[in-house]
Amino acid sequence: MDSNEATTSESVSKKKGKTKKVKRKVKHDEAPVQEMEQAEGEETEKKSESGPCFPPTFSVSEIKNKQRRHSMFLKLKEEKRKAPPKEVPKTIENQRIYDETTVNPEDEEVAFDEGTDEFSAYFNRLTNPKVLITTSDRPRGRTVRFCEQLATVIPHAHVYYRRGLALKRVIPQCVSRGFTYLMVINEDRKVPNGLVLCHLPDGPTAHFKVSNVRLRKEMKRRGKDPTEHVPEVILNNFTTRLGHSIGRMFAALFPHDPQFVGRQVATFHNQRDFIFFRFHRYIFKNEKKVGIQELGPRFTLKLRSLQKGTFDSKFGEYEWVHKRHEMDSSRRKFHL
Amino acid sequence: MAAKSQICSVWLGSETGILKGVSLTKKQAFNFCEMSCMSRDQEVCVMAWGDPHESEVLVGSVNGTVKTFSTDKGIFTATRECGDPSQGRFTGLAVTDSSMITCVESGLLKVWKEGSTETAEVNVGNGVCRMQQNQSQRHRVATGGKENPLKVWDLERPDKPIFTAKNVAHDWLEMRVPVWVRDIGFIPDSDKIVTCTGHHQVCVYDPSTPQRRPVLEAQFGEYPLTALSLPASQGTVVVGNSHGELAILDLRKGLVCGCLKGLAGAVRGLQCHPSLPLVASCGLDRFLRVHSLEDRSLQHKVYLKSRLNCVLLSSRELESSNADVSGDVEEVKAEEEEDEVWDTMETVTEKSKKRAAQKDEATVTGLDGEKKRKLIKKK
């Protein structure tokens with residue numbers, strides 16, 4: 001008894017993918033030979049257990065008739081020679097838990113919400129962006145160079161030294177001088193590690209964690225410095241409602257009409273809640289081939305909080321706060 | 001429309017001006033909007049029940065209008081101009097028999113009588129954040145705000161407040177503690193009032209005592225507390241802050257009993273069910289969450305696409321949860337029978353009874369465990 005069970009289990013393990021086909025072939029065997037052709041046509045249909053039930057652990061060796069057994073074996077061999085269907089690998093992006101806040105493009109309420117929010121002035125072409133870039137107090141070399149390079153990438157950007165001023169006092173002055181964005185790069189141990197992006201008239205403030213900053217000197221095979229042309233903006237994979245808000249924040253940093261003459265593009269690519277910033281220059285060699293050169297700084301952002309209103313970390317109301325123990329419990333759940 | 005509004009048990013007001021009704025049993029949310037053209041100045045600031053039978057919802061908007069929505073008919077039945085946006089947003093809306101009380105941020109508290117355009121006005125001070133009505137004594141309202149201490153007004157004698165709270169004593173640096181009353185709650189069956197402040201304090205005042213300072217002061221978190229609600233069971237209060245932290249505080253000692261998890265954005269509206277241990281919270285993260293107060297677990301979570309400002313729970317929840325309650329009752333009865341068996345084991349004193357009962361239970365389980373182990377060994 002035991003020995004029999006062992007053999008059948010072995011045969012099952014060898015033909016894991018073939019048990020289905022083995023079952024069907026068994027059915028065909030039992031039926032008269034004339035029905036073989038019809039049965040082959042039925043292989044493509046879904047399984048329907050209308051014939052006699054065979055144990056799933058059926059192998060070719062159990063057929064006693066030598067000719068039938070031989071033909072079955074040849075058929076199996078031919079099946080094996082055909083390439084098996086390529087399996088789609090499971091990735092974390094594939095297995096992502098469906099987020100119920102994913103924006104449906106036809107949703108009227110969300111469209112109205114986005115059409116009348118703080119960025120509506122920019123998206124209705126009433127204002128042009130003007131960015132003020134500053135740092136935390138007493139920045140060190142790397143951060144200073146990063147700010148300078150950011151100012152070349154973002155048009156109409158001005159870098160100012162912080163001088164230990166309080167942000168809450170800087171903001172009304174920026175508003176009066178017509179700035180639309182305040183960007184504060186926070187530095188820790190001579191390396192930029194945080195970014196506070198505040199949309200100015202009364203707009204939301206986003207706080208990001210910055211990592212993996214690569215300045216122009218450190219980039220391999222880079223092109224020449226970026227020109228003054230307004231770049232195009234690519235925003236990838238911002239699907240949820242929060243992602244939409246952040247995507248619009250990034251979009252509103254750049255002027256509306258890109259100058260395609262400059263062939264420059266800034267990309268904000270969101271993957272697994274990390275936003276990758278890249279700046280490239282492209283050239284179309286022919287209709288299908290493009291060559292790209294990476295210019296400019298490269299950095300990674302991760303959203304820590306989104307606060308409604310201008311910068312007020314103590315008394316402001318937060319629209320979204322990253323809470324590690326509650327939100328990072330599942331590896332397949334993302335919020336942007 | 002009428003059918004949809006009749007089954008809704010939770011009503012929410014959003015920043016886009018849409019009144020949302022949610023039916024938790026059917027897990028459906030409906031939007032009730034007056035016109036096809038929505039605008040941001042229709043943003044809902046306050047909501048209140050129009051009558052004790054909860055058949056009408058009063059919705060106050062930023063542009064100064066108060067709309068009446070009938071839950072039976074499913075449409076807005078009346079609109080009333082109650083002030084203009086220059087005076088600030090509505091901070092409180094209440095209904096007494098045949099009149100409506102509104103309060104705005106500039107401190108103008110008005111009593112609107114049905115039918116007539118006369119209003120009684122009271123100035124409660126500038127910078128009002130909240131006006132709340134005492135549910136047992138409907139002519140009493142409390143107001144408070146930024147640098148505007150808690151004041152209880154009797155609308156029959158509106159010239160002076162009945163009770164004005166005094167600020168807490170100077171802190172350990174001998175500096176004045178700033179005042180910022182964000183939300184107010186009247187404790188039922190007593191004269192006491194609970195407030196939560198923007199400086200993460202929860203204060204309990206007792207107007208019946210001569211002490212005008214808070215009777216109890218508790219601190220929670222580091223962020224401004226934005227909403228407060230009193231559950232049906234006495235002795236606790238649920239507060240929410242601008243970071244999305246919801247906590248249940250004990251009002252006897254001032255300690256945190258527990259936190260309710262799940263919120264990611266600032267809590268704008270909080271309401272406990274009048275009889276069941278449930279609390280509904282809504283906020284800037286565009287979700288309605290209903291937590292159970294007993295085990296602090298999340299019961300329902302509904303995504304509503306706009307930022308939410310206020311929430312109203314109807315007592316109709318009872319019908320939906322009746323089915324669940326009956327199941328629980330059966331289980332509880334079974335447990336009670338078992339307890340009775342153990343209680344009849346020894347009859348010396350109460351303490352030893354419990355200990356004896358516990359011991360007996362322990363020994364029984366021990367025996368069972370041993371028996372099981374023996375059986376497994378035999379196999």
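For the structure, check the block above.
Remember, predicted model here, so these are calculated numbers, not experimental data. (Residues numbered from 1 in each chain as written. Chains lettered and ligands numbered in written order. Predicted model: local features only at pLDDT ≥ 70, side-chain atom pairs only at ≥ 80, totals over all residues. Heavy atoms only, no water.)

Asks: Provide a residue-level description of a nonpolar patch on the surface, including the pertinent values.
Replies: Residues and elements named next belong to chain A. On the surface, a nonpolar cluster with roughly 310 Å² of combined accessible area is contributed by F284, V290 and I292. Relative to the helices and strands, V290 is located in strand β9 (residues 290-308). The class for V290 is partly exposed, based on a relative accessible area of 41%. (Patch = residues over 30% accessible without salt bridge, like charges linked within 9 Å, V, L, I, M, F, W, Y side chains within 5 Å. Areas by Shrake-Rupley, 256 points an atom, 1.4 Å probe, with all protein chains shown as cover. Salt bridge = Lys/Arg side-chain N within 4 Å of Asp/Glu carboxyl O. Helix = DSSP H or I, 4+ residues; strand = E, 2+ residues; numbered from the N terminus. Buried < 20%, exposed > 50% of the residue type's maximum accessible area, 1.4 Å probe, protein only.)

Asks: I'd like a description of the interface of chain A and chain B, backed by residues and values.
Replies: Counting residues at the interface gives 24 residues for chain A, matched by 35 residues for chain B. Carbon and sulfur atoms make up 49% of the area that chain A and chain B hide from each other, which totals about 2500 Å². Taken together, chain A and chain B are joined by 10 salt bridges. Counting across the interface, chain A meets chain B through 19 residue pairs in polar contact (both at pLDDT 80 or more). Elements supplying a minimum of two residues to the side of chain A that touches chain B: α5 (108-115), β10 (317-321) and α10 (324-327) of chain A. If you tally residues by element for the side of chain A that touches chain B, the top one is β10(A), at five residues. Of the residues belonging to the side of chain A that touches chain B, the class tally is seven nonpolar, four polar and 13 charged. (Contact = heavy atoms within 4.5 Å. Buried area = accessible area lost by both parts, 1.4 Å probe. Polar contact = N/O pair within 3.5 Å; in protein donor to acceptor, adjacent residues only side chain to side chain. Nonpolar A, V, L, I, M, F, W, Y, C, P; charged D, E, K, R; others polar.)

Asks: Describe the sheet that holds strand β12 (residues 128-133) of chain B, naming the residues involved and giving the relevant values.
Replies: Residues and elements named next belong to chain B. With antiparallel pairing, the four strands of this open sheet are ordered in space as β12-β13-β14-β15. With one partner strand each, in any of the chains shown, β12 and β15 (163-164) form the two edges of the open sheet. Direction of pairing for strand β13 (residues 140-145) relative to strand β14 (residues 148-154): antiparallel, over a ladder of five bridges. Paired with R140 across the strands is D154, a residue of β14. (Pairing = 2+ DSSP bridges.)

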